[in-house]
Amino acid sequence: MIEVEVENRSGIAVDEDGAVDLVRRVLTAEGVESGELGLAFVSPEESRALKSEHLGIEEATDALAFPIDGREPVPAGLPRQLGDVVLCPQVVGDAWRAPLVHAVLHLVGYDHGHDMEAREALHR
């Protein structure tokens with residue numbers, strides 16, 4: 001089972017259930033059957049601060065991914081820690097699905113390019 005811990009710090013209502021469902025569908029399609037993932041909805045200010053801190057770019061962004069285990073082997077008995085996804089609803093608006101898929105694919109090891117684009121196309 002894929003466990004998704006959701007935290008909404010954005011200050012606006014979001015489709016948490018829809019986002020969790022999409023995360024699970026993407027991971028299942030990628031062959032990930034179990035693991036833990038954090039999903040945080042954040043304000044533009046927090047998004048900007050995170051992007052500045054981690055990427056050195058001073059702007060709010062749609063989504064960020066912070067991978068941990070990816071698809072690497074994990075010791076027996078320990079849960080797979082996929083990592084965290086941060087999504088800014090005020091930046092993405094109603095078009096939140098594509099940035100969420102993109103960030104989840106980063107958690108399982110995809111980088112920007114043809115392979116990422118091909119996997120993203122499967123989830124549109």
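Residues numbered from 1 in each chain as written. Predicted model: local features only at pLDDT ≥ 70, side-chain atom pairs only at ≥ 80, totals over all residues. Heavy atoms only, no water.

Caption draft 1: Expanded view of the overall build of the chain. Counting its regular elements, the chain contains five helices and four strands. Moving toward the C terminus, one meets the helices and strands of the chain in the order β-α-β-α-β-β-α-α-α. Expected size for 124 residues packed as a compact globule is a radius of gyration near 14 Å; at 14 Å, the chain falls within 12% of this value. Overall size of the chain, expressed as C-alpha extent along the three principal axes, is 40 × 30 × 30 Å. Out of the 124 residues in the chain, the part that is buried amounts to 41%. (Helix = DSSP H or I, 4+ residues; strand = E, 2+ residues; numbered from the N terminus. Rg over C-alpha atoms; globule rule 2.2 N^0.38 Å. Buried < 20%, exposed > 50% of the residue type's maximum accessible area, 1.4 Å probe, protein only.)

Caption draft 2: Region of the structure containing the layout of surface pockets. Size it by volume and the largest pocket reaches roughly 300 Å³. Along its surface, the largest pocket is lined by 14 residues, and L55, A63, L64, A65 and H106 are the ones closest to its centre. The set of elements that each furnish at least two residues to the lining of the largest pocket consists of α2 (44-55), β3 (63-67) and α4 (97-107). Partitioning the lining of the largest pocket into residue classes produces seven nonpolar, five polar and two charged. (1 Å grid on protein atoms, 1.4 Å probe; cavity = no way out; pocket = protein on both sides within 12 Å on 5 of 7 lines; lining within 4 Å. Points joined across faces, edges and corners; volume = space filled by probe spheres on them. Nonpolar A, V, L, I, M, F, W, Y, C, P; charged D, E, K, R; others polar.)

Caption draft 3: Broad picture of the environment of T28. Position of T28 among the secondary structure elements: in helix α1 (residues 16-29). You can call T28 exposed: its relative accessible area is 53%. Note: C-alpha distance between T28 and I2 (26 residues apart in sequence) is 8.7 Å.

Caption draft 4: Looking closely at the environment of C88. Looking at the element boundaries, C88 is found in the loop between β4 (81-87) and α3 (89-92). Apart from the residues lying within four places of it in its own chain, the contact partners of C88 are V42, S43, P44, S47, T61 and D62. (Contact = heavy atoms within 4.5 Å.)

Caption draft 5: Focus on the sheet that holds strand β1 (residues 2-8). Pairing in this open sheet of four strands is mixed, and the strands run β1-β2-β4-β3 from one edge to the other. Each edge of the open sheet is held by one strand with a lone partner, namely β1 and β3. The mean inter-strand angle of the sheet, taken between neighbouring strand axes irrespective of direction, is 15°. Two strands pair when backbone bridges link them, and β1 and strand β2 (residues 35-41) are joined in this way by seven bridges, in the parallel orientation. Counted as the bridge partner of V4 is L37 from β2. On the sheet, α2 packs against β3 and β4 and is oriented at approximately 50° with respect to β3. (Pairing = 2+ DSSP bridges. Axes fitted to C-alpha atoms, helices over the stretch in contact; angles between N-to-C directions.)

Caption draft 6: Focus on the confidence of the model for the chain. Across the chain, the average pLDDT comes to 91, with 100% of residues at 70 or higher. Mean pLDDT in the chain bottoms out at helix α5 (residues 114-121), which sits at 87, and peaks at β1, which reaches 96. (pLDDT = per-residue confidence, 0-100.)

Caption draft 7: Examining the nonpolar core more closely. In this structure, L27, L37, L39 and L100 are the most contacted members of the largest nonpolar core, which totals 27 residues. With residues up to four places along the chain from it excluded, the contact list for L100 reads A19, L22, V23, L39, V85 and L87. (Core = buried A, V, L, I, M, F, W, Y, C linked by side-chain atoms within 4.5 Å.)

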